[in-house]
Amino acid sequence: MLAGKKILLGITGSIAAYKSILLVRILVKAGADVRVVMTPSAKDFVTPLTLATLSKNKVLINLSDESTWANHVMLGRWANLMLVAPLSCNSLAKMANGICDNLFLASYLSATCPVVVAPAMDEDMWQHRSTKRNIATLQEFGHKVIVVNKGELASGLFGEGRMAEPEEIVTFIEENYFRQSALAGKKSLVTAGPTYEAIDPVRFVGNHSSGKMGIAIAEALYGYGAEVTVIAGPGVKPSKFKGIKQIDIKSAAEMFGHANSLFHSSDIAVMAAAVADYSPKDVALEKIKKSGDNLSLELKKTQDILLSLGNLKRKDQVLVGFALETNNEKSNALKKLEHKKADFIVLNSLKEEGVGFGKDTNKVTIFDREGNEYPFEMKSKALVAKDIVDLIIQKIYVKA
Ligand code: CTP
């Protein structure tokens, strides 16, 4: 989401400025073009050399420096977003009152782009009425304030006032400013993770799926502007994006119930869950006691969610399934595509190194109903998800 985006990072004098180093690194790694403007006192906490090296741009500090004099107006116009992290109590007060006694403030006052601030201060300063008033003033200006965290503070006290972590700040700006619009207005549904089929109150039949692939798909859909609901099995770590809705379920029957009721209002459905194919026929009400040397469990077939949605699917909906295969991969995947009436089947082979449950990478081949085959290299699940969603977008545009 941040690739090619221009971020003007303002750093003010606070102990939390050490976190700005990591912030610059994450932003640059995500493909953003970062320029740093610091207050003179921020130099006491973090060196301009480190920030210049990481941002690959000269760090701007002095208003009187000839080479930067003209820049303060251009910086705010150049940027897609001005991010102030950390924002000290002093700079907050100056921003709220239009004071312009350094280059950072001059850049802020001339910024025409959106402004986001991540405050950092001790709890008593954070709680002071003047701080509250100044924060409210910035909000009135239309700026967004990233809430402070609770934890150990520079004073050694414990309380509210810690700057949000760099990862949280980056997620906040991605989610609020840099979602794309290709899928804006579209509703999507994703299943993710395993299902647990109860044997008795303490035991279940399950599998090792982590749900990472499903969450990566949800995030890719969301990044393109879609509304996203994930129906997630046990143990699935929710997305970092607050706007992605997650419904936690345990069994295949519960996943089936939610998927069926949400499908009719969805434009896109991606079934990435590793749904149990069978569940115990009878669930014991009490814990099964150990007895003989062998124990047989009778299992019954679960409902196939993808198949059921394939039968309900309208022409204006896009349905994607997965196929996890260990042999006759292509023919099995094509059979699933046909039988379950999906628009795409994403094949992952368990034979590949780096592929499988819990891994961060995946290697897939996607098949569509027109007979096309799209093989992809091994890559991160986030990039695999992007490949899948890019194909969905093509499909929607072809239809439109
Ligand atoms: N699937 C589903 N509901 C089930 C079983 C599977 O929605 N009860 C979906 C999966 O989410 C996936 C696709 O069907 O999108 C294929 O799942 P997979 O486990 O590869 O295939 P199965 O149909 O279960 O067949 P088999 O296990 O025999 O390969």
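Structural notes, computed from the coordinates. Remember, predicted model here, so these are calculated numbers, not experimental data.

Re the site of the ligand
In the vicinity of the ligand, 16 residues are found, and the nearest of them are Met-271, Ala-273, Phe-322, Lys-336 and Lys-340. Between Ile-305 and the ligand, the recorded distance is 3.0 Å, taken from a backbone N or O atom to a nitrogen atom. At a separation of 2.8 Å, an oxygen atom of the ligand approaches a polar backbone atom of Leu-306. With the chains in place, 77% of the 570 Å² that the ligand exposes on its own is no longer accessible. For the shell around the ligand, the elements supplying multiple residues, two or more each, are helix 12 (305-312) and strand 16 (318-325). It is strand 16 that contributes the most residues to the shell around the ligand, four residues altogether.

Some points on the nonpolar core
Note that soluble globular proteins tend to have their nonpolar side chains buried in a common cluster. Residues Leu-183, Ile-217, Leu-221, Val-228, Val-230 and Ile-388 are the most contacted members of the largest nonpolar core, which totals 38 residues. Of all the secondary-structure elements, those providing two or more residues to this core are strand 8 (187-192), helix 10 (212-223), strand 11 (227-232), strand 13 (268-271), strand 16, strand 17 (344-349), strand 19 (364-368) and helix 14 (381-399). Sequence-distant contacts of Leu-221, that is, excluding residues within four places in its chain, are made with Leu-183, Ser-188, Val-190, Ala-226, Val-228, Ile-268 and Val-389. Listed in part, the 32 residues of the second largest apolar core include Leu-9, Leu-23, Ile-61 and Leu-83.

Details of the sheet that holds strand 2 (residues 33-38)
Strands sit in the order 2-1-3-4-5 across an open sheet of five strands; the sheet is parallel. The sheet is open, and its two borders are formed by strand 2 and strand 5 (144-145), each paired with just one other strand. Two elements, strand 1 (residues 6-11) and strand 2, share six bridges in a ladder whose sense is parallel. The residue bridging Lys-6 from the neighbouring strand is Asp-33, located in strand 2. Those strands touched by helix 6 (residues 103-110) are strand 1, strand 2, strand 3 (81-87) and strand 4 (115-119), and its axis lies near 125 degrees from that of strand 2.

Comments concerning unusual backbone geometry
Residue Ala-85 is joined to Pro-86 through a cis peptide bond whose omega torsion reads 0 degrees. Tracing the backbone through its elements, the reader meets Pro-86 in strand 3. Backbone geometry at Asn-328 places phi at a positive 40 degrees, although glycine is not the residue there. In the Ramachandran plot, Lys-341 falls in the positive-phi region, its phi being about 55 degrees despite a non-glycine side chain. Summarising the element assignment, Lys-341 is placed in the loop between helix 13 (329-339) and strand 17. Taking the relative accessible area as the measure of exposure, Lys-341 reaches 38% and is therefore partly exposed.

Quick look at the pattern of salt bridges
Between side chains of opposite charge, pairing is possible as soon as their charged atoms come close. As enumerated under the stated definition, the model contains 17 salt bridges in all. Lys-94 is the salt-bridge partner of Asp-101, the closest N and O atoms lying 3.0 Å from each other. According to the relative accessible area criterion, Asp-101 is partly exposed, its value standing at 46%. On the accessibility criterion, Lys-94 (16% relative accessible area) is buried. Residue Asp-387 is joined to Lys-379 by a salt bridge in which the shortest nitrogen-to-oxygen separation is 2.8 Å. Residue classification places Lys-379 among the partly exposed residues on the basis of a relative accessible area of 22%. Several salt bridges converge on common partners, so that one network encompasses Lys-313, Asp-343, Glu-370 and Lys-395.

Criteria and cut-off values
- Residues numbered from 1 in each chain as written.
- Predicted model: local features only at pLDDT ≥ 70, side-chain atom pairs only at ≥ 80, totals over all residues.
- Heavy atoms only, no water.
- Near = heavy atom within 4 Å.
- Polar contact = N/O pair within 3.5 Å; in protein donor to acceptor, adjacent residues only side chain to side chain.
- Areas by Shrake-Rupley, 256 points an atom, 1.4 Å probe, with all protein chains shown as cover.
- Helix = DSSP H or I, 4+ residues; strand = E, 2+ residues; numbered from the N terminus.
- Core = buried A, V, L, I, M, F, W, Y, C linked by side-chain atoms within 4.5 Å.
- Buried < 20%, exposed > 50% of the residue type's maximum accessible area, 1.4 Å probe, protein only.
- Contact = heavy atoms within 4.5 Å.
- Pairing = 2+ DSSP bridges.
- Axes fitted to C-alpha atoms, helices over the stretch in contact; angles between N-to-C directions.
- Salt bridge = Lys/Arg side-chain N within 4 Å of Asp/Glu carboxyl O.

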